[in-house]
Amino acid sequence: SQQGEEDPQALSIQEGENATMNCSYKTSINNLQWYRQNSGRGLVHLILIRSNEREKHSGRLRVTLDTSKKSSSLLITASRAADTASYFCASGSTDSWGKLQFGAGTQVVVTP
Amino acid sequence: DTAVSQTPKYLVTQMGNDKSIKCEQNLGHDTMYWYKQDSKKFLKIMFSYNNKELIINETVPNRFSPKSPDKAHLNLHINSLELGDSAVYFCASSRSRTSQETQYFGPGTRLLVL
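The model shown is predicted, which means the values in this text are computed figures rather than measured ones.

S.K.: Describe the overall build of chain A, and please don't skip the residues or the numbers.
M.R.: In terms of helices and strands, chain A carries zero helices and eleven strands. Listing each helix as α and each strand as β along chain A from the N terminus yields β-β-β-β-β-β-β-β-β-β-β. Taken over C-alpha atoms, the radius of gyration comes to 13 Å for chain A, in line with the 13 Å a tight globule of 112 residues would show. When the backbone C-alpha atoms are referred to their principal axes, chain A occupies close to 45 × 30 × 20 Å. Sequence-distant contacts, at least 24 apart, represent 54% of the contacts inside chain A between residues at least 6 apart. Positive and negative charge centroids in chain A, built from 12 and 10 side chains respectively, lie 5 Å apart.

And the structure:
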């Protein structure tokens, strides 16, 4: 069964705007990761947030985690055309080894 | 200096055929994975090996058989291909088997079964 679900499924914004996407998961986790996938390419790791963390920053990325609501959000500030990609959250559960459960992703299109 | 490489990049074949996809990582990682991404972009883990030992085996038809000759290689053999096997298959690796590790993905193999 699908563990993570991203919302929205698709997002279209203009350069310079912020993009926010959300992720929900079902079981207990020890970390949540966000990955980016450019069209026709493999996934690239963006950021990892541990279950005892509430917020994390990396460059123009800000990730929050609310374990009580089993949800996370990814904010991309001052978006650029190069940010056009699909973004996936992946939850790492406490009872599995190396297993990340991915959602179906949010497709982000940033227009110049 | 590609970190995780897969061959072939594209694979078009007829139903019923047997095919293999190869994966190699030069990162010195202990753990490797196979994922299947369907047409709706949903990514699902199929198998994982840690130091040549199978550690994750999801509910995958036994027509799919992974093989890890050494910890830098993880191949996927598929017997009697079916239309529903059409997807993009990604290989990935991580430093160790814990879920807190970053996974590094290959470029994918686009399989089309006719």
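And the narrative resumes.
S.K.: Break down a nonpolar patch on the surface for me, citing the residues and quoting the values.
M.R.: All names here are of chain B. Residues Val12, Leu112 and Leu114 make up a contiguous nonpolar surface patch of about 280 Å² in total accessible area. Assignment of secondary structure puts Val12 in strand S2 (residues 10-13). What makes Val12 exposed here is its relative accessible area of 56%.

S.K.: Provide a residue-level description of the pattern of salt bridges, including the pertinent values.
M.R.: Overall, the coordinates contain seven salt bridges over all chains when judged by the stated rule. The salt bridge partner of A:Asp83 is A:Arg60, with a shortest N-O separation of 2.9 Å. Residue A:Asp83 is found in the loop between strand S8 (71-76) and strand S9 (85-93), and its partner A:Arg60 is found in the loop between strand S6 (55-58) and strand S7 (61-66); the two are separated by 23 residues along the sequence. The partner of B:Arg63 in a salt bridge is B:Glu82, with the nearest N and O atoms 3.5 Å apart. Of this pair, B:Arg63 sits in the loop between strand S6 (53-57) and strand S7 (64-70) while B:Glu82 sits in the loop between strand S8 (73-78) and strand S9 (87-94), and the two are 19 residues apart along the sequence.

S.K.: Now, about unusual backbone geometry: what can you tell me, with residues and values included?
M.R.: For the bond running from A:Asp7 to A:Pro8, omega is 0°, close enough to zero to count as cis. The residue A:Pro8 is located in the loop between strand S1 (5-7) and strand S2 (10-14) in this model. Look at the link from B:Thr7 to B:Pro8: it is a cis peptide, with omega at -5°. Topologically, B:Pro8 is positioned in the loop between strand S1 (4-7) and S2.

The rules we used
Residues numbered from 1 in each chain as written. Chains lettered and ligands numbered in written order. Predicted model: local features only at pLDDT ≥ 70, side-chain atom pairs only at ≥ 80, totals over all residues. Heavy atoms only, no water. Helix = DSSP H or I, 4+ residues; strand = E, 2+ residues; numbered from the N terminus. Rg over C-alpha atoms; globule rule 2.2 N^0.38 Å. Contact = heavy atoms within 4.5 Å. Lys, Arg positive; Asp, Glu negative; His and termini not counted. Charge placed at Lys NZ, Arg CZ, Asp CG, Glu CD. Patch = residues over 30% accessible without salt bridge, like charges linked within 9 Å, V, L, I, M, F, W, Y side chains within 5 Å. Areas by Shrake-Rupley, 256 points an atom, 1.4 Å probe, with all protein chains shown as cover. Salt bridge = Lys/Arg side-chain N within 4 Å of Asp/Glu carboxyl O. Buried < 20%, exposed > 50% of the residue type's maximum accessible area, 1.4 Å probe, protein only.

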